[in-house]
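One-letter residues, chain by chain:
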Amino acid sequence: MSSLNLTTEQQAHLRAATPQLWLNPQYMQDQAIVATPEVDDLYAAEARLQRFAPLLEILFPELQASGGLIESALIDTQQLSTEFAEGCEGRLFLKADHQLPVAGSIKARGGIHEVLCFAETLARQEGLLEAEDNYTTLNSAAAKAVFSRYTVSVGSTGNLGLSIGIMSAALGFRAEVHMSADAKDWKKQRLTDRGVKVIEHAADYGAAVAAGRAAAEADPYGYFVDDERSPHLFMGYAVAALRLESQLQAAGGRVDAEHPLFVYLPAGVGGAPGGIAFGLKMLFGRYVHCFFAEPVQAPCMLLGMAGNASDEPVSVAEFGLSIDTEADGLAVGTASQWVCDATRNLISGVYTATDESLYRQLYRLKALIDTEVEPSAAIGCLGPELLEGDAGKAYLQAHKLEDLMGNATHIAWLTGGSFVPEEEYKRYLDKARHITGA
Ligand SMILES: *Cc1c(COP(=O)(O)O)cnc(C)c1O
């Protein structure tokens, strides 16, 4: 562990599970990078989603308004910034991925893109796409007959399973989701209702992924979505940056040398926040500052980013942590090595937060703007105020940003929640009320 870029004090915070903002010493250090995602692949992913849009509009009526594109709103909190983040300057936007249609979480971006990649490859191989540009022919008995020979599988704590399962089943694939013991019952039920096979594993997320990978390797008609190493997932997530650019423009949110952009991204295994950060860095370069956010009990990306190029990411277990968090999607013990190797020079820092503070933010979102999210999604709202602390100030100083903060745009990425059943959300809110004393 001596090779981790962590001070003794930072290591102590990790062990004690106390919140901190860790600044990445390898930020903008190009030698930190081993895997280099191609910007062409980002534009290819966007084009693929456009090609499939007419088909998705047929398969999912809720996509009619957007012409088959899966996108979320950018919410301007306007004067609410101060209540979300005391002392925070600039504008605070919320990226509403908790309302992403079809899958109800940020996983709709990456997971659905990967299933579409597989479907497109198969459809071309099997001659199902006579007219290159008419993907609605994939909504046919002939296409379903081909797709139903294949099983798409994934290991998931819940949300990735929903995204992969729902899209696979809609196209006619057989679908299997390997779930960890901590996955919520309502997520399992939602999948079972759609004809997706749910396989439960007694152990944690990493074990569910390993079991799913092994089962798929043994099946010649099996396709495994590997959350720990998937460029297709990554690029599906990265498309969010292109969409965000035009939303920011429309909202008058400038990003340039005088107008810094700060983005706070909840991180699990790293694909979603890594992909989005990659896309944003391609578009805005050093004017965008990306921070990852994790529960104190599962700081796997912090440990992954603190390693050096090509290092196998260190597990949170080595710091005596047990992944004991209610933040679904973030309850991951080991980061994706591929994502770490691809984004280590792009990420400004990683902060950790207690579950209690997530519930406080969950309560604020409900009370201030009537927005309902799951606990994991609330973590991004803690970002702006962290910049007011010692580590945050050091970052602003190092990058000569102190005098520009009045012009800053902050984006807290809300990542999941709209599928949470009413009773379940009510339990979250009751707990949040209890914690805040409201
Ligand atoms: C999966 C997930 C994330 C993080 O995505 P990773 O690719 O695992 O880092 C964040 N929020 C929610 C709600 C998620 O489901």
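Everything discussed here concerns the structure shown above.
Before going into details, it helps to say that this report is about the structure given with it. Just so we're clear, the structure is a prediction, and the values are computed from it rather than from any experiment.

A few points about the site of the ligand
Around the ligand, 15 residues are found, and the nearest of them are Lys 107, Asn 159, Gly 268, Gly 270 and Ala 272. For the ligand, an oxygen atom lies 2.7 Å from a polar atom in the side chain of Asn 159. Between the ligand and the protein, one listed contact pairs an oxygen atom with a backbone N or O atom of Gly 268 at 2.7 Å. Top element by residues in the shell around the ligand is helix H10 (residues 271-284). It accounts for three residues. For the shell around the ligand, a count of residues per class yields six nonpolar, eight polar and one charged.

Here's the deal with the pattern of salt bridges
Close approach of charged atoms allows side chains with opposite charge to pair. Evaluation of the coordinates by the stated rule reveals 27 salt bridges. Here Glu 46 ties to Arg 243 by a salt bridge, and the two come within 2.9 Å at their closest N and O atoms. With Glu 46 in helix H2 (residues 39-59) and Arg 243 in helix H9 (residues 231-250), this residue pair connects regions lying 197 residues apart in the sequence. Here Glu 46 and Arg 243 have matching classes, each one buried.

Observations regarding the pairing of strand S3 (residues 91-96)
The buried fraction of S3 is high, at five of six residues. As defined by bridge partners, strand S2 (residues 74-76) adjoins S3 across three bridges and the pair is classed as antiparallel. Residue pairing for S3: Leu 74 is matched across the bridge by Lys 95. Across six bridges, S3 lies against strand S11 (residues 409-414) in parallel orientation. Its bridge partner being in S11, Lys 95 is matched across the sheet by Trp 413.

Side note on a nonpolar patch on the surface
Together, Val 39, Tyr 43 and Met 282 line one region of the surface with nonpolar side chains, adding up to about 270 Å² of accessible area. With respect to the helices and strands, the residue Val 39 is situated in helix H2. Judged by relative accessible area, which is 31%, Val 39 ranks as partly exposed.

Some words on the side chain of Asn 159
Relative to the helices and strands, Asn 159 is located in helix H6 (residues 159-171). By relative accessible area, Asn 159 is classed as buried at 7%. Reaching out from Asn 159, the side chain makes a polar contact with the side chain of Lys 187 at a distance of 2.9 Å. Those residues in contact with Asn 159 that sit more than four places away from it in its chain are Ser 105, Lys 107, Lys 187 and Glu 374.

Here we look at the packing of aromatic side chains
For the structure shown, the criterion picks out 13 aromatic pairs. Between Phe 118 and Tyr 150, the ring centres sit 5.8 Å apart and the planes meet at 80 degrees, which makes this aromatic pair edge-to-face. Placement of the pair is Phe 118 in helix H4 (residues 107-125) and Tyr 150 in the loop between helix H5 (141-147) and strand S4 (151-156), with a sequence separation of 32 residues. A single burial state applies to Phe 118 and to Tyr 150, both of which are buried. Ring centres of Phe 234 and Phe 278 lie 5.6 Å apart, and the angle between their planes is 45 degrees; on these two criteria the pair is classed as tilted. Of the two residues, Phe 234 sits in helix H9 while Phe 278 sits in helix H10, which places them 44 residues apart along the sequence.

Quick notes on the sheet that holds strand S6 (residues 197-200)
Taken in spatial order, the four strands of this open sheet run S6-S5-S4-S7, and their pairing is parallel. The open sheet has two edge strands with one neighbour each: S6 and strand S7 (222-225). Going across the sheet, the axis of each strand differs from the next one's by a mean of 20 degrees, ignoring polarity. Direction of pairing for S4 relative to strand S5 (residues 174-179): parallel, over a ladder of six bridges. Across the sheet, Val 152 pairs through a bridge with Ala 175, a residue of S5.

Calculation rules
Residues numbered from 1 in each chain as written. Predicted model: local features only at pLDDT ≥ 70, side-chain atom pairs only at ≥ 80, totals over all residues. Heavy atoms only, no water. Near = heavy atom within 4 Å. Polar contact = N/O pair within 3.5 Å; in protein donor to acceptor, adjacent residues only side chain to side chain. Helix = DSSP H or I, 4+ residues; strand = E, 2+ residues; numbered from the N terminus. Nonpolar A, V, L, I, M, F, W, Y, C, P; charged D, E, K, R; others polar. Salt bridge = Lys/Arg side-chain N within 4 Å of Asp/Glu carboxyl O. Buried < 20%, exposed > 50% of the residue type's maximum accessible area, 1.4 Å probe, protein only. Pairing = 2+ DSSP bridges. Patch = residues over 30% accessible without salt bridge, like charges linked within 9 Å, V, L, I, M, F, W, Y side chains within 5 Å. Areas by Shrake-Rupley, 256 points an atom, 1.4 Å probe, with all protein chains shown as cover. Contact = heavy atoms within 4.5 Å. Phe/Tyr/Trp six-rings, centres within 6.5 Å; stacked < 30°, edge-to-face > 60°. Axes fitted to C-alpha atoms, helices over the stretch in contact; angles between N-to-C directions.

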